[in-house]
Amino acid sequence: MDRQTLRLALIPGDGVGPEVVAATVPVLEAALTVQGVALDLLELDWGGERFLRDGAAMPVDAADIVRGTDAVLFGAVGRPDVPDHELVWGLIIGLRQQLDLAVNIRPVRSFPGVPTQVRDTDGVDLLIVRENTEGEYVGAGGLAHAGTGADVGIEVAVHSRPVIERAAHHAFRLARQRSGRLALVTKSNAMRHGYPLWDRTVREVAEQYDDVELEVVLVDAMAARMIQSPRSLDVLLAGNLFGDILSDLAAVLAGGMGMAPSANIRPGGDVPGIFEPVHGSAPAIAGRGVANPAACLLSGALLLEDTGHAAAAAAVRDALAAALLDPAHHTPDLGGVATTADVSAAVLEEMENLR
Ligand SMILES: NC(=O)c1ccc[n+]([C@@H]2O[C@H](COP(=O)([O-])OP(=O)(O)OC[C@H]3O[C@@H](n4cnc5c(N)ncnc54)[C@H](O)[C@@H]3O)[C@@H](O)[C@H]2O)c1
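Residues numbered from 1 in each chain as written. Predicted model: local features only at pLDDT ≥ 70, side-chain atom pairs only at ≥ 80, totals over all residues. Heavy atoms only, no water.

Student: I keep staring at the packing of aromatic side chains and nothing clicks. Help me out?
Tutor: For any pair of aromatic rings, geometry is given as the distance between the ring centres together with the angle between the planes. A full pass over the atoms with the stated rule returns two aromatic pairs. Relative to Tyr209, the ring of Phe172 lies with its centre 4.8 Å away and its plane at 10 degrees, an arrangement referred to as stacked. Note that Phe172 is positioned in helix H5 (residues 161–177) and Tyr209 in the loop between helix H6 (194–206) and strand S9 (213–218), a separation of 37 residues in sequence. Judged by relative accessible area, which is 0%, Phe172 ranks as buried. (Phe/Tyr/Trp six-rings, centres within 6.5 Å; stacked < 30°, edge-to-face > 60°. Helix = DSSP H or I, 4+ residues; strand = E, 2+ residues; numbered from the N terminus. Buried < 20%, exposed > 50% of the residue type's maximum accessible area, 1.4 Å probe, protein only.)

Printed below as a string of structure tokens:
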């Protein structure tokens, strides 16, 4: 990669996606400029509008287009007049699979000054590593007896050892860099095949990381523990479905969906990652300029880190943390009255102050 230019594909998408991406790009640009790095933007109109116009949310060569860049910043997809699966599968899940972006990293960190609906979340700092290509979201199954009134929906979960292993290795490496604690989340008491394979495989991988302490927790127990004692957790490893659900739950500990970033990456691979807020297109608040851009800004920070710009990533995070200390910079989801643009401007100002 040319260290002096970051080639960034933007997929703003639908609803609040374009609003939070527009609030994030100037912040990333400012953080990179300080480091002497230019931003080369490729804006892609993929999403719901394109689907309505062309019958597809993205072009057939979408994965090749993305491969020509260093990273992707993605907003969200989903609009009320298009069936959800057309856009979620036709874009983000499709791209994750085509690029074989093996893991979805979802950090959850409480920011001082940000109110939460759960008591006592100070110091929460956990990281969910979600397997991103298989499990319940692999897309295998079908609809039998369709339209007869006796329709049968069949959704097959797929869990394969090499895919579990590569997610596990990444989770162990991250746990090693953090507190040395890793919790594997499965449901091996009620599900007899896929999740016991996860347990066996991850325990085998654990033998290569004797400096990491592994515990295996059932997903229902984990849901309760995440609320009752979130500071007892550090890195969590989960399959596609449980990782998806638990990360929305964990987001509440940090102030809600507007605060939760994510990264889709292939560890050690040379494909660009896709960085996106965990939230969707939030149609109820779209178009009003009040979406919280923090999740997208934090996704941008993950993107900068992954592409080798750690100092710029830290500058974005520190400036956001400083801005959020002041309730005047809280959007309505955090109980404030700030607009998306206000938060972006405040982060830019803090970045200047902290230099
Ligand atoms: N990766 C994705 O693109 C993705 C992820 C989830 C949902 N979706 C799609 O988004 C659409 C809406 O789905 P949903 O309502 O279940 O989830 P959502 O994340 O869009 O919204 C859930 C709740 O969080 C709020 N919210 C979300 N983002 C926010 C932000 N930045 N600031 C403030 N509040 C925010 C919303 O107003 C809503 O109350 C659907 O079409 C769904 O398929 C897309």
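Student: For this particular structure, what's the right way to read the domain arrangement of the chain?
Tutor: A common way to state how big an interface is: give the accessible area lost once the parts meet. Domains assigned within the chain are domain 1 (1–103 + 264–355) and domain 2 (116–254). Inter-centroid distance (C-alpha atoms) of domain 1 to domain 2 is 24 Å. Opposite the twelve residues of domain 1 that make contact, domain 2 presents 13 residues. Between domain 1 and domain 2, the buried area comes to about 1,000 Å², and carbon and sulfur atoms account for 53% of it. (Domains from an automatic or database assignment. Contact = heavy atoms within 4.5 Å. Buried area = accessible area lost by both parts, 1.4 Å probe.)

Student: What exactly am I supposed to notice about the side chain of Ser299 here?
Tutor: The topology assignment puts Ser299 in helix H9 (residues 294–306). Residues in contact with Ser299, not counting those within four places in the same chain, are Leu73, Pro261, Ser262, Phe275, Glu276 and Pro277.

Student: What's the story with the pairing of strand S12 (residues 273–277) in this structure? I'm lost.
Tutor: The side chains of a regular strand alternate between the sheet's two faces. Among the five residues that make up S12, five are buried, leaving the element largely enclosed by the rest of the structure. Residues Gly273, Phe275 and Pro277 line one face of S12 and the alternating positions Ile274 and Glu276 line the opposite face, and both faces are buried. As paired elements, strand S3 (residues 71–76) and S12 share three bridges and run parallel to each other. Looking at S12, one finds that Ala71 is bridged to Gly273. (Pairing = 2+ DSSP bridges.)

Student: Looking at this model, I keep getting lost on the site of the ligand. Mind explaining?
Tutor: By nearness alone, 19 residues border the ligand, and Val77, Asp84, Gly280, Ala282 and Asn292 come closest of all. The separation between an oxygen atom of the ligand and a polar main-chain atom of Gly280 is 2.7 Å. In the environment of the ligand, an oxygen atom lies 3.0 Å from a nitrogen or oxygen atom belonging to the backbone of Ser281. Contact with the protein chains removes 68% of the 800 Å² of surface that the ligand exposes when unbound. (Near = heavy atom within 4 Å. Polar contact = N/O pair within 3.5 Å; in protein donor to acceptor, adjacent residues only side chain to side chain. Areas by Shrake-Rupley, 256 points an atom, 1.4 Å probe, with all protein chains shown as cover.)

Student: Looking at this structure, I do not really get the side chain of Thr307. What am I missing?
Tutor: Tracing the backbone shows Thr307 in the loop between H9 and helix H10 (310–324). For Thr307, a relative accessible area of 6% translates into the label buried. A distance of 2.8 Å separates a polar atom in the side chain of Thr307 from the backbone oxygen of Leu303. A polar side-chain atom of Thr307 sits 3.2 Å from the main-chain carbonyl oxygen of Leu304.

Student: Got a minute to help me understand the nonpolar core in this structure?
Tutor: Taken as a class, soluble globular proteins show a tendency for nonpolar side chains to be buried jointly. With 87 residues, the main nonpolar core has Leu73, Phe172, Met222, Met226, Leu237 and Leu304 as its most contacted residues. Each of domain 1 (1–103 + 264–355) and domain 2 (116–254) accounts for three or more of the residues forming this core. Look past the residues within four positions of Met222 in its chain and what remains in contact with it is Ala183, Val185, Val217, Leu233, Leu236 and Leu246. Within the second largest apolar cluster, 22 residues are counted, among which are Leu44, Leu87, Leu95 and Leu101. (Core = buried A, V, L, I, M, F, W, Y, C linked by side-chain atoms within 4.5 Å.)

Student: When you look at the pairing of strand S2 (residues 38–43) in this model, what are you seeing that I'm missing?
Tutor: Across six bridges, the pairing between strand S1 (residues 5–13) and S2 is parallel. Residue Leu10 lies in a different strand from S2, and its bridge partner there is Glu43.

Student: Would you explain the sheet that holds strand S4 (residues 103–109) in this entry?
Tutor: Each strand in a sheet pairs with another by means of backbone hydrogen bonds, the pair being arranged parallel or else antiparallel. Spatially, ten strands are ordered S2-S1-S3-S12-S11-S4-S5-S10-S8-S9 in an open sheet, and the strand pairing comes out mixed. The open sheet has two edge strands, S2 and S9, and neither has a second partner. Strand-to-strand twist in this sheet, taken as the mean axis angle between neighbours without regard to direction, amounts to 25 degrees. Bridge count for S4 against strand S5 (residues 125–131) is seven bridges, and the pairing is antiparallel. The partner of Val103 across the bridge, within S5, is Glu131. On the sheet, helix H7 (residues 219–228) packs against S5, strand S8 (181–186), S9 and strand S10 (235–238) and is oriented at approximately 105 degrees with respect to S9. (Axes fitted to C-alpha atoms, helices over the stretch in contact; angles between N-to-C directions.)

Student: Is there a simple way to explain empty space enclosed by the protein in this structure?
Tutor: If you roll a probe as big as a water molecule over the atoms, it shows you where there is empty space left. Scanning all chains against the criterion turns up one cavity of 30 Å³ or more. In this structure, the largest cavity spans a volume of roughly 40 Å³. Lining the largest cavity we find Ile93, Arg96, Gln97, Arg130, Asn132, Tyr137 and Asn240. Across the lining of the largest cavity, the residue classes break down as two nonpolar, three polar and two charged. Viewed by domain, the lining of the largest cavity spans two of them, domain 1 (1–103 + 264–355) and domain 2 (116–254), each represented by three or more residues. (1 Å grid on protein atoms, 1.4 Å probe; cavity = no way out; pocket = protein on both sides within 12 Å on 5 of 7 lines; lining within 4 Å. Points joined across faces, edges and corners; volume = space filled by probe spheres on them. Nonpolar A, V, L, I, M, F, W, Y, C, P; charged D, E, K, R; others polar.)

Student: Looking at this structure, how should I read the pattern of salt bridges?
Tutor: Opposite charge on two side chains lets them pair, provided their charged atoms get close. A full pass over the atoms with the stated rule returns 21 salt bridges. For Glu276, the salt bridge goes to Arg96, with nearest N and O atoms at 2.7 Å. With Glu276 in strand S12 and Arg96 in helix H4 (residues 84–98), this pair connects stretches of sequence that are 180 residues apart. With relative accessibility at 7%, the residue Arg96 sits in the buried group. (Salt bridge = Lys/Arg side-chain N within 4 Å of Asp/Glu carboxyl O.)

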